[in-house]
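Remarks on the overall topology
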Amino acid sequence: IWKEEEEVPVPDFFYDQSLYQDSTVLNSFSRNKNWKNFIVVTDVTGSMSPYIAQVFMWLKEQTEQTNTQGFVFFNDGDNKPSNRKKPLETEGVYIVNNSSTEEVMAMAAKCMRKGSGGGENLENDIEAILLGVEEYNQIDEIILVADNRESMRDYKFIEKVKKPVHVILCGSEHRVNIQYLDLARETKGSVHTKKNDIIALEKYSNGERFFIDEFEYLYENKQFHYVYK
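Residues numbered from 1 in each chain as written. Predicted model: local features only at pLDDT ≥ 70, side-chain atom pairs only at ≥ 80, totals over all residues. Heavy atoms only, no water.

1. What to know about the pattern of salt bridges
In the structure shown here, the tally under the stated rule is six salt bridges. The salt bridge involving D197 is made with R31; its shortest N-O contact spans 2.9 Å. Residue D197 is found in strand 9 (residues 197-198), and its partner R31 is found in helix 1 (residues 24-31); the two are separated by 166 residues along the sequence. Since its relative accessible area comes to 31%, D197 is described here as partly exposed. In the salt-bridge network here, residues are joined through shared partners; they are D76, K85 and R153. (Salt bridge = Lys/Arg side-chain N within 4 Å of Asp/Glu carboxyl O. Helix = DSSP H or I, 4+ residues; strand = E, 2+ residues; numbered from the N terminus. Buried < 20%, exposed > 50% of the residue type's maximum accessible area, 1.4 Å probe, protein only.)

As structure tokens, this is what we get:
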């Protein structure tokens, strides 16, 4: 875990207003102003650049930052070879207090530079969440900014997360990654897309079907599934 502060140049794209056109992160935070006493856990691999920039735009707009205790950034292993990546031991997790926007941005930039830039389709989401909760054990909730196009390397450990996880899913225009539905149900959290808030997933019973946008899903055998026509 990296916690120390050091001078790291912040990438120009953090300030690029054209990257905010998707607005998934900004919309999700705007619709859910009731989140309190949380940490923000953010995937900084691969194509997440536009969404990372939105996290910082949201942070700068806050007049009171007391709700956000800290930030956790993860890059799935600091460029570690794939054969050395073990679930919950992948590393590449960087933690910073919410003391100033510039310090948070610098830590995110450091995490990005230490990483490989993505390309594996697996990320260490649960490891990052658990390390964040260990560091900030008095928080009430976790906001996970996740890449819908990637899956969790450590998905089988979602039961270890004991606080509600609100997943902001980036790139979910076609279908929602069902792993994140499972995580939200397990933790009594929620899933948020550009236009929708999917809540109370724990209330679905076995065999129940529902829609997110025009796509149908099924809860069966303790997991969510896609329903194909």
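2. Some details on the packing of aromatic side chains
Within the structure shown, the criterion is met by twelve aromatic pairs. Taking the centre distance of 5.7 Å and the plane angle of 85° together, the rings of F210 and F224 count as edge-to-face. Remark: F224 occurs in strand 12 (residues 223-227) and F210 occurs in strand 10 (residues 208-212); sequence separation between them is 14 residues. When the ring of Y217 is compared with that of Y226, the centres are 5.8 Å apart and the planes differ by 55°; the resulting orientation is tilted. (Phe/Tyr/Trp six-rings, centres within 6.5 Å; stacked < 30°, edge-to-face > 60°.)

3. Considering the nonpolar core
Counting residues in hydrophobic clusters, the biggest one holds 39 residues, and the most contacted among them are L144 and L181. Per element, the largest residue contribution to this core is five residues, and it comes from helix 5 (residues 178-187). Residues contacting L181, with those up to four places away along its chain left out, are V176, V191, L201, F210, I212, Y217 and F224. Within the second largest apolar cluster, 27 residues are counted, among which are V44, F71, F73 and I168. (Core = buried A, V, L, I, M, F, W, Y, C linked by side-chain atoms within 4.5 Å. Contact = heavy atoms within 4.5 Å.)

4. Some thoughts on the environment of E150
Following the sequence through the fold, E150 ends up in the loop between strand 5 (141-147) and strand 6 (151-152). For the pair E150 and G171, spaced 21 residues apart in sequence, the C-alpha separation works out to 9.8 Å. Setting aside residues no more than four positions away along its own chain, E150 makes contact with E120, N121, L122, E123, N177 and Y180.

5. Examining helix 2 (residues 49-61)
Since the α-helix advances by 3.6 residues per turn, residues separated by three or four positions end up pointing in the same direction. Here helix 2 contains 13 residues, and its C-alpha end-to-end distance of 19 Å stays within 8% of the 18 Å for a straight helix at 1.5 Å per residue. The set of residues buried in helix 2 consists of S49, Y51, I52, A53, Q54, V55, F56, W58 and L59. Those residues of helix 2 hidden inside the fold are in contact with helix 1, strand 1 (38-43), strand 2 (68-74), helix 3 (101-114), strand 5 and strand 7 (165-170). (Expected span 1.5 Å × (residues − 1).)

6. Details of the pairing of strand 11 (residues 215-220)
Successive residues of a regular strand alternate their side chains across the two faces of the sheet. Along strand 11, five of the six residues are buried, which leaves the element largely enclosed by surrounding structure. As paired strands, strand 10 and strand 11 are joined by five bridges and run antiparallel to one another. Across the sheet, the residue bridging to I212 is F215, located in strand 11. Connecting strand 10 to the antiparallel partner strand 11 that follows it, the hairpin turn spans two residues, and D213 within it adopts a positive phi of roughly 55°. Pairing analysis gives five bridges linking strand 11 to strand 12, with the strands arranged antiparallel. When the bridges of strand 12 are listed, E220 appears paired with Q223. Between strand 11 and strand 12, which pair antiparallel and follow one another directly, the connecting turn spans two residues, one of which, N221, has a positive phi of 55°. (Pairing = 2+ DSSP bridges.)

7. A look at the packing of helix 2 against helix 3
One way to put it is that helix 2 packs onto helix 3 with a least axis distance of 10 Å and a crossing angle of 165°. Between helix 2 and helix 3, the crossing angle belongs to the class labelled roughly antiparallel. Considering only the axes of helix 2 and helix 3, their crossing is right-handed. Across the interface between the two elements, S49, I52, F56, L59 and K60 from helix 2 touch T101, V104, M105, A108 and M112 from helix 3. When grouped by side-chain class, the residues that make up the contact of helix 2 with helix 3 number seven nonpolar, two polar and one charged. (Axes fitted to C-alpha atoms, helices over the stretch in contact; angles between N-to-C directions. Parallel < 35°, antiparallel > 145°, perpendicular 65-115°, else oblique. Left-handed = near helix turned anticlockwise from the far one by under 90°. Nonpolar A, V, L, I, M, F, W, Y, C, P; charged D, E, K, R; others polar.)

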